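Coordinate analysis (summary)
The lines below spell out each chain.
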Amino acid sequence: MHNLLLGGTKRLLCHKPYGWIHGKPPRKLRFRDINNISENLLRLKRYIPREFSRKTRSILECKRYKATEFRLFLLYTDPIILKEMLPSKIYNHFITLSLASSIMISQYYSKSENYVSYAQNLMKHFVCQSIKIYFKKKIRKAAQPLQQIIRRVIEEGNNTECTNIISNDSVKLRKEHFNGPLINDCTSQYMQAQTNHYCLDISKLSDRVIELKNNLIIEVKNIVSCKNSI
């Protein structure tokens, strides 16, 4: 994924001729828009859960971003933030890369030939549109690594099986407390529920909002243990 994150995504922001942040007009965004992007990223900081190794920071620091920060930028924060900041043609071009990347990293969708084929078409479209938008001689070197990403995903899909990583989780309850709301027959209360893949923490807004299997998003108010169940 480094080809995608430290290669393609970083170039969109930092490339001198056409980068949105550190490039030159007309591709470089207005200073007001750059400030708005930074402000929105900083507002989101308190909502980023602990599963992300790095929080959001000012877009002006994008030259020093790590790969995990470009991943957060590409997949989660900036498809929302950039919608009102970029011209529609440039934004749709960016979303093509974001959507293709989301499919490729998904444990579910990356195992489907149809979705991988769709991601491949999106990536090809992204490269072709990059040539039209940012001029061929400027992106020729970046095109081949992006196409190689799809081939690597296909190879991985042929060698692995999709497994359910949630159902076998062992939950560890931590930080007992006595101040939360309770339901019948429940007496033990905890601040945290830790699994192998995520952590719920009712003391932090960023770690207490979850999505249920029916796609309902809820805020967890308390974690309780009732007769050996949670």
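Keep in mind it's a predicted model, so treat the numbers as computed, not measured.

Time to look at the confidence of the model for the protein. Averaged over all residues, the pLDDT of the protein is 84; the fraction at 70 or higher stands at 83%. Across residues 138-143, where pLDDT falls below 50, the model places eleven contacts with residues more than four positions away in sequence or in other chains. In the predicted structure, residues 159-168 sits below a pLDDT of 50 and forms eight contacts with residues beyond four places in sequence or in another chain.

On to a nonpolar patch on the surface. Taken together, the side chains of Leu99, Tyr108, Tyr109, Tyr115 and Tyr118 define a hydrophobic patch exposed on the protein surface, amounting to about 510 Å² of accessible area. Residue placement: Tyr108 occurs in the loop between helix H4 (88-105) and helix H5 (113-134). A relative accessible area of 56% means that Tyr108 is categorised as exposed.

Orientation of helix H1 (residues 2-14) relative to H4, taken along the N-to-C sense of each, is 165°, at an axis distance of 12 Å. Our classification of the angle between H1 and H4 gives roughly antiparallel. Relative to H4, H1 is oriented so that their crossing is left-handed. On H4, the residues that touch Leu4, Thr9 and Leu12 of H1 are Phe94, Leu97 and Ser101. Residue composition of the contact of H1 with H4, by class: four nonpolar, two polar and no charged.

Two side chains bearing opposite charge may form a pair once their charged atoms approach each other closely. Overall, the coordinates contain nine salt bridges when judged by the stated rule. Glu61 is paired through a salt bridge with Arg57; the nearest N and O atoms lie 2.9 Å apart. Of the charged contacts in the structure, one is a salt bridge between Glu61 and Arg64, with a shortest N-O distance of 3.8 Å. What makes Glu61 partly exposed here is its relative accessible area of 25%. Overall, Arg64 belongs to the exposed group, its relative accessible area being 54%. Salt bridges here are not isolated pairs; linked through shared partners, they connect Arg57, Glu61, Arg64 and Glu69.

Another aspect to go through is unusual backbone geometry. A cis geometry characterises the amide bond from Pro25 onward to Pro26, with omega recorded as 10°. With respect to the helices and strands, the residue Pro26 is situated in the loop between H1 and helix H2 (31-44). Although it is not a glycine, Asn215 adopts a positive phi angle of roughly 75°. Within the secondary structure layout, Asn215 lies in the loop between strand S4 (209-211) and strand S5 (217-219).

What characterises a pair of aromatic rings is the spacing of the ring centres plus the angle enclosed by the ring planes. Applying the stated criterion across every chain, the model contains seven aromatic pairs. Three or more aromatic residues link up through ring pairs in this structure, and these residues are Trp20, Phe73 and Phe94.

Moving on: the nonpolar core. Grouped together as the largest cluster of nonpolar side chains are 37 residues, with contacts concentrated most on Leu13, Trp20, Ile21, Ile37, Ile59 and Leu82. Put simply, the parts of the chain that give this core at least two residues each are H1, H2, helix H3 (67-81), H4 and H5. Per-element tally for this core: the top contributor is H4, with seven residues. Among all residues touching Ile59, those that are not within four sequence positions of it are Leu13, Ile21, Ile34, Ile37, Ser38, Leu41, Tyr65 and Phe73. Membership of the second largest hydrophobic core comes to five residues, among which are Ala193, Leu200, Ile202 and Val220.

So, about a positive patch on the surface. Side chains of Lys45, Lys55, Lys175 and Lys204 sit close together on the surface and give a patch of like positive charge. Looking at the element boundaries, Lys45 is found in the loop between H2 and H3. Owing to a relative accessible area of 43%, Lys45 belongs among the partly exposed residues under this scheme.

Contact pair H4 / H5: the axes reach a minimum separation of 9 Å and the direction vectors enclose 150°. For the element pair H4 / H5, the angle class is roughly antiparallel. The two elements H4 and H5 meet at a crossing, and its hand is left-handed. Side by side, H4 and H5 meet where Lys89, Ile90, His93, Thr96, Leu97, Leu99, Ala100, Ile103 and Met104 of the first sit next to Tyr115, Val116, Tyr118, Ala119, Leu122, Met123, His125, Phe126, Gln129, Ser130, Ile133 and Tyr134 of the second. Residue composition of the contact of H4 with H5, by class: 15 nonpolar, five polar and one charged.

Rules of the game
- Residues numbered from 1 in each chain as written.
- Predicted model: local features only at pLDDT ≥ 70, side-chain atom pairs only at ≥ 80, totals over all residues.
- Heavy atoms only, no water.
- pLDDT = per-residue confidence, 0-100.
- Contact = heavy atoms within 4.5 Å.
- Patch = residues over 30% accessible without salt bridge, like charges linked within 9 Å, V, L, I, M, F, W, Y side chains within 5 Å.
- Areas by Shrake-Rupley, 256 points an atom, 1.4 Å probe, with all protein chains shown as cover.
- Salt bridge = Lys/Arg side-chain N within 4 Å of Asp/Glu carboxyl O.
- Helix = DSSP H or I, 4+ residues; strand = E, 2+ residues; numbered from the N terminus.
- Buried < 20%, exposed > 50% of the residue type's maximum accessible area, 1.4 Å probe, protein only.
- Axes fitted to C-alpha atoms, helices over the stretch in contact; angles between N-to-C directions.
- Parallel < 35°, antiparallel > 145°, perpendicular 65-115°, else oblique.
- Left-handed = near helix turned anticlockwise from the far one by under 90°.
- Nonpolar A, V, L, I, M, F, W, Y, C, P; charged D, E, K, R; others polar.
- Phe/Tyr/Trp six-rings, centres within 6.5 Å; stacked < 30°, edge-to-face > 60°.
- Core = buried A, V, L, I, M, F, W, Y, C linked by side-chain atoms within 4.5 Å.
- Lys, Arg positive; Asp, Glu negative; His and termini not counted.
- Charge placed at Lys NZ, Arg CZ, Asp CG, Glu CD.

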